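Now for the letters of each chain:
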Amino acid sequence: LGVAFAYLATCILLGIGMNKLPRDHGREFAHDGGLSAGKPRGAGFVFILVFVLAALVFGNVDKEILIYLILTVAAMMTGYLDDCAKVSWGELRKGLLDLVIAVMTAVTMVNFNGSDVTFALIGETVTLNPWVYGVLAVILVWGSINVTNCADGVDGLSGTLTIVTLSTIYLLMNRSEIAQEFSYLILLFMACILGYLWFNAEPSKILMGDAGSRFLGILVATAVLIAGNPFLILALSPIVLVNGGGGLGKLVLLRVAKRLGFQIGDDSVIRKVRFPLHDHCK
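So, a few notes on the structure that sits alongside this text. Note that the coordinates shown come from a computational prediction; the quantities given were computed from them, not determined experimentally. (Residues numbered from 1 in each chain as written. Predicted model: local features only at pLDDT ≥ 70, side-chain atom pairs only at ≥ 80, totals over all residues. Heavy atoms only, no water.)

## Side note on a nonpolar patch on the surface
Then, number 1: Together, Leu1, Leu53, Leu56, Val57, Phe58, Leu66 and Ile70 give the surface a local cluster of nonpolar side chains, amounting to about 700 Å² of exposed area.
Then, number 2: In terms of residue count, the dominant contributor to the nonpolar patch is helix H2 (residues 43–58) (4 residues).
Then, number 3: One can find Leu56 in helix H2.
Then, number 4: With a relative accessible area of 47%, Leu56 lands in the partly exposed category. (Patch = residues over 30% accessible without salt bridge, like charges linked within 9 Å, V, L, I, M, F, W, Y side chains within 5 Å. Areas by Shrake-Rupley, 256 points an atom, 1.4 Å probe, with all protein chains shown as cover. Salt bridge = Lys/Arg side-chain N within 4 Å of Asp/Glu carboxyl O. Helix = DSSP H or I, 4+ residues; strand = E, 2+ residues; numbered from the N terminus. Buried < 20%, exposed > 50% of the residue type's maximum accessible area, 1.4 Å probe, protein only.)

So this is what it looks like as structure tokens:
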């Protein structure tokens, strides 16, 4: 019932409310980024609220999961407010907000689950210093939020890759009987993403925007941390990490060079190299 509700509610609400969402302004640095201009964006606001409602009604939400739901909604809202803004908030403001959410996620993780890290390849579990674990968890969550956001931009790409990652985590959680309640939340969210992809398949009618992509990143990071094996993200999200991470790295280089006063022309190597990788496939 929960899965059916999540899927159908997402489809119905997006179909009804699509034209009430803010419009995309195109992407300055993306190849053919102007093609998305004018499309409704911010669909994440809809399917994430459906997910939270489904979790509260059909799931067994304890204190820890409730905190994660609040933090993921906070990540969604920062993205949605940026989607609605006529002028982008800018990378610095969004990066700092993501950092606050990442810190709160790490603190919650350590408080409820300790600081054990499992190395699946050798079958060993190591207990890290809580402060070291917390710092590494912050880096993981912050990085996941931003590389997933950077990977968005091609019809169906971000949502489909996230479903592949989350479905694998879901199977691993159920096989090892860990985090059963959280694994059910993953199942609910995959149903919401499938509802969104009905409208986002090529040619897309709607975009998830920062409201959705930032949420995807924090959910994937939280899932691998709860599974006790943060290194899973390297095995399950390599395309997202390389694609979004490459684009993020290029953007950082351009911004730093500009701050330092270096002139980077259109014929420079940095501008000619296409990152994210999905620009090659556009």
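## Things to note about the environment of Leu13
Then, number 1: For Leu13, the position within the fold is in helix H1 (residues 2–17).
Then, number 2: The sequence separation of Leu13 and Phe47 amounts to 34 residues, and the corresponding C-alpha distance is 8.3 Å.
Then, number 3: For Leu13, the contacting residues outside a window of four places in its chain are Met18, Val46 and Val50. (Contact = heavy atoms within 4.5 Å.)

## Observations concerning the packing of aromatic side chains
Both the distance between ring centres and the angle between the ring planes are used here to describe each pair of aromatic rings.
Then, number 1: Evaluated as defined, the whole model comprises 8 aromatic pairs.
Then, number 2: Where Phe45 meets Tyr80, the ring centres are 4.4 Å apart and the plane angle is 25°; that geometry is what we call stacked. Here the residue Phe45 occupies a position in helix H2, and Tyr80 occupies one in helix H3 (residues 63–84), the gap between them amounting to 35 residues.
Then, number 3: According to the relative accessible area criterion, Phe45 is partly exposed, its value standing at 25%.
Then, number 4: Taken together, a centroid distance of 6.0 Å and an interplanar angle of 55° make the contact between Phe47 and Phe189 tilted. Of the two residues, Phe47 is situated in helix H2 and Phe189 in helix H7 (residues 180–200); the sequence distance between them amounts to 142 residues.
Then, number 5: Residue Phe47 is classed as buried on the basis of its relative accessible area of 0%.
Then, number 6: The class for Phe189 is buried, based on a relative accessible area of 0%.
Then, number 7: Among the aromatic residues, those joined into a cluster by ring pairs are Phe47, Phe51, Phe189, Tyr196 and Phe215. (Phe/Tyr/Trp six-rings, centres within 6.5 Å; stacked < 30°, edge-to-face > 60°.)

## A few points about H1
Then, number 1: The end-to-end C-alpha distance of H1, which contains 16 residues, comes to 22 Å, matching closely the 22 Å that a straight helix rising 1.5 Å per residue would cover.
Then, number 2: Among the structural elements, H2 and H7 are those in contact with the buried residues of H1. (Expected span 1.5 Å × (residues − 1).)

## Focus: empty space enclosed by the protein
Then, number 1: Taken as a whole, this structure holds 2 cavities of 30 Å³ or more when the rule is applied.
Then, number 2: Of the pockets and cavities examined, the largest cavity occupies roughly 100 Å³.
Then, number 3: Along the wall of the largest cavity there are 13 residues; nearest its centre are Thr148, Thr162, Val220, Ser237 and Val240.
Then, number 4: For the lining of the largest cavity, the elements supplying multiple residues, two or more each, are helix H5 (130–151), helix H6 (157–176) and helix H10 (238–259).
Then, number 5: Classifying every residue of the lining of the largest cavity by side-chain character gives 7 nonpolar, 6 polar and no charged. (1 Å grid on protein atoms, 1.4 Å probe; cavity = no way out; pocket = protein on both sides within 12 Å on 5 of 7 lines; lining within 4 Å. Points joined across faces, edges and corners; volume = space filled by probe spheres on them. Nonpolar A, V, L, I, M, F, W, Y, C, P; charged D, E, K, R; others polar.)

## Points about the layout of surface pockets
Then, number 1: Taken as a whole, the second largest pocket holds about 330 Å³ of empty space.
Then, number 2: In this structure, the second largest pocket is lined by 17 residues; those nearest its centre are Leu136, Leu140, Pro230, Phe231 and Ile233.
Then, number 3: Broken down by class, the residue content of the lining of the second largest pocket amounts to 15 nonpolar, 2 polar and no charged.

## Remarks on the packing of H1 against H7
Then, number 1: In the contact formed by H1 and H7, the axes pass within 8 Å of each other and the chain directions differ by 30°. Comparing their axes, H7 and H1 come out roughly parallel. Of the two elements, H1 crosses H7, and the hand of that crossing is right-handed. Where H1 approaches H7, its residues Gly2, Val3, Ala6, Tyr7, Thr10, Cys11, Leu14 and Gly15 are matched on the opposing element by Tyr184, Leu187, Leu188, Ala191, Cys192, Leu194, Gly195, Tyr196, Trp198 and Phe199.
Then, number 2: Along the lines of polarity and charge, the residues of the contact of H1 with H7 split into 14 nonpolar, 4 polar and no charged. (Axes fitted to C-alpha atoms, helices over the stretch in contact; angles between N-to-C directions. Parallel < 35°, antiparallel > 145°, perpendicular 65-115°, else oblique. Left-handed = near helix turned anticlockwise from the far one by under 90°.)

## Section: the state of the cysteines
Then, number 1: Within this structure, the stated rule accounts for 0 disulfides.
Then, number 2: In this structure Cys192 is a free cysteine whose sulfur lies 9.5 Å from that of Cys11, the closest cysteine sulfur available.
Then, number 3: The exposure class assigned to Cys192 is buried, which follows from its relative accessible area of 0%. (Disulfide = S-S within 2.5 Å.)

## Observations regarding the nonpolar core
Then, number 1: In terms of nonpolar packing, the biggest core is built from 66 residues, with Phe47, Phe51, Phe182, Ile186, Phe189, Tyr196 and Ile206 touching the most fellow members.
Then, number 2: Not counting the four nearest positions on each side in its chain, Phe51 is found in contact with Leu69, Leu185, Leu188, Phe189, Cys192 and Phe215. (Core = buried A, V, L, I, M, F, W, Y, C linked by side-chain atoms within 4.5 Å.)

## Points about the pattern of salt bridges
Two side chains carrying opposite charge are able to pair once their charged atoms lie near each other.
Then, number 1: Taken as a whole and judged by the stated rule, the model has 2 salt bridges.
Then, number 2: Asp210 serves as the salt-bridge partner of Arg214, at 3.3 Å between the closest nitrogen and oxygen. Here Asp210 and Arg214 lie together in helix H8 (residues 209–226), a separation of 4 residues that amounts to about one turn.
Then, number 3: One salt-bridge network, in which partners are shared between bridges, spans Asp98, Asp210 and Arg214.

Function cannot be read off these values alone, since they describe shape.
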